[in-house]
Amino acid sequence: MDELAELNGCLTNIGQMLMRDPVLVIKCLFGPCTPYQFRLEGPGKWVGARQAILTQWDRTWQPMRTRPLDIKQDEPYNLYVKLAVALVILYIVWGILL
């Protein structure tokens, strides 16, 4: 993608951008590669590209939060997990004592 961006003239210069906006550089380097990064400079430049990059994880997680979970739904699951952990601990202790 970088080669195509360089041919089109929309490849961002990370060194210059590091001096101007270090937060944006961190999001670009350690976040997912998105088309918004190629809209920061060059032809087809978009003013909202920076904001779109900074909020891309919000748009990713928002559809996953469709409904609030009721705590009562989690109680049986927690009970089963606690029982399983207790059985594993008893099994280990029983093996050490024998």
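Note that this is a predicted model, so its numbers are computed, not measured.

Parameters and conventions
Residues numbered from 1 in each chain as written. Predicted model: local features only at pLDDT ≥ 70, side-chain atom pairs only at ≥ 80, totals over all residues. Heavy atoms only, no water. Helix = DSSP H or I, 4+ residues; strand = E, 2+ residues; numbered from the N terminus. Buried < 20%, exposed > 50% of the residue type's maximum accessible area, 1.4 Å probe, protein only. Contact = heavy atoms within 4.5 Å. Areas by Shrake-Rupley, 256 points an atom, 1.4 Å probe, with all protein chains shown as cover. Core = buried A, V, L, I, M, F, W, Y, C linked by side-chain atoms within 4.5 Å. Salt bridge = Lys/Arg side-chain N within 4 Å of Asp/Glu carboxyl O. Patch = residues over 30% accessible without salt bridge, like charges linked within 9 Å, V, L, I, M, F, W, Y side chains within 5 Å. Disulfide = S-S within 2.5 Å.

*Asks:* Run through the overall build of the chain, naming residues and quoting values.
*Replies:* Along the chain, the regular secondary structure elements total six helices and zero strands. In the chain, the succession of α and β elements from N to C terminus is α-α-α-α-α-α. Out of the 98 residues belonging to the chain, those deemed buried represent 18%. Taking as baseline every contact in the chain between residues at least 6 positions apart, the subset at least 24 positions apart corresponds to 48%. As displayed, the chain has an accessible area near 8400 Å², and 66% of this comes from carbon and sulfur atoms.

*Asks:* Outline the environment of Leu 40, supporting the account with residue identities and numerical values.
*Replies:* Mapped onto the elements, Leu 40 comes out in the loop between helix 3 (22–30) and helix 4 (49–54). With a relative accessible area of 14%, Leu 40 lands in the buried category. Leu 40 sits 23 residues away from Met 17 along the chain, and the two C-alpha atoms are 10.0 Å apart. With residues near it in sequence (within four places) discarded, Leu 40 still touches Thr 12, Met 17, Leu 24, Cys 28, Lys 45, Ala 49, Arg 50 and Ile 53.

*Asks:* Which residues make up the nonpolar core, and what values go with them?
*Replies:* Residues Met 17, Leu 24, Val 25, Cys 28, Leu 40, Ala 49 and Ile 53 constitute the largest nonpolar core, which totals seven residues. Looking at this core element by element, the count peaks at three residues for helix 3.

*Asks:* Kindly report on the pattern of salt bridges, identifying the contributing residues and their values.
*Replies:* All told, the structure shown has two salt bridges when counted by the stated rule. Residues Arg 20 and Glu 41 are paired through a salt bridge, measuring 3.2 Å at the closest nitrogen-oxygen approach. Residue Arg 20 is located in helix 2 (residues 14–20), and its partner Glu 41 is located in the loop between helix 3 and helix 4; the two are separated by 21 residues in the primary sequence. Between Asp 21 and Arg 50 there is a salt bridge, with its nearest N and O atoms 2.4 Å apart. Of the two residues, Asp 21 sits in the loop between helix 2 and helix 3 while Arg 50 sits in helix 4, which places them 29 residues apart along the sequence.

*Asks:* Explain a nonpolar patch on the surface residue by residue, including any values.
*Replies:* Together, Val 81, Val 85, Ile 89, Val 93 and Leu 97 make up an exposed nonpolar region whose accessible area comes to about 440 Å². With respect to the helices, strands and loops of the structure, Val 85 is situated in helix 6 (residues 71–97). The class for Val 85 is partly exposed, based on a relative accessible area of 44%.

*Asks:* Please give an account of the state of the cysteines that cites residues and values.
*Replies:* Applying the stated rule across the entire model yields zero disulfides. Looking at Cys 33, it has no disulfide partner, and the nearest cysteine sulfur is the one in Cys 28, 8.9 Å off.

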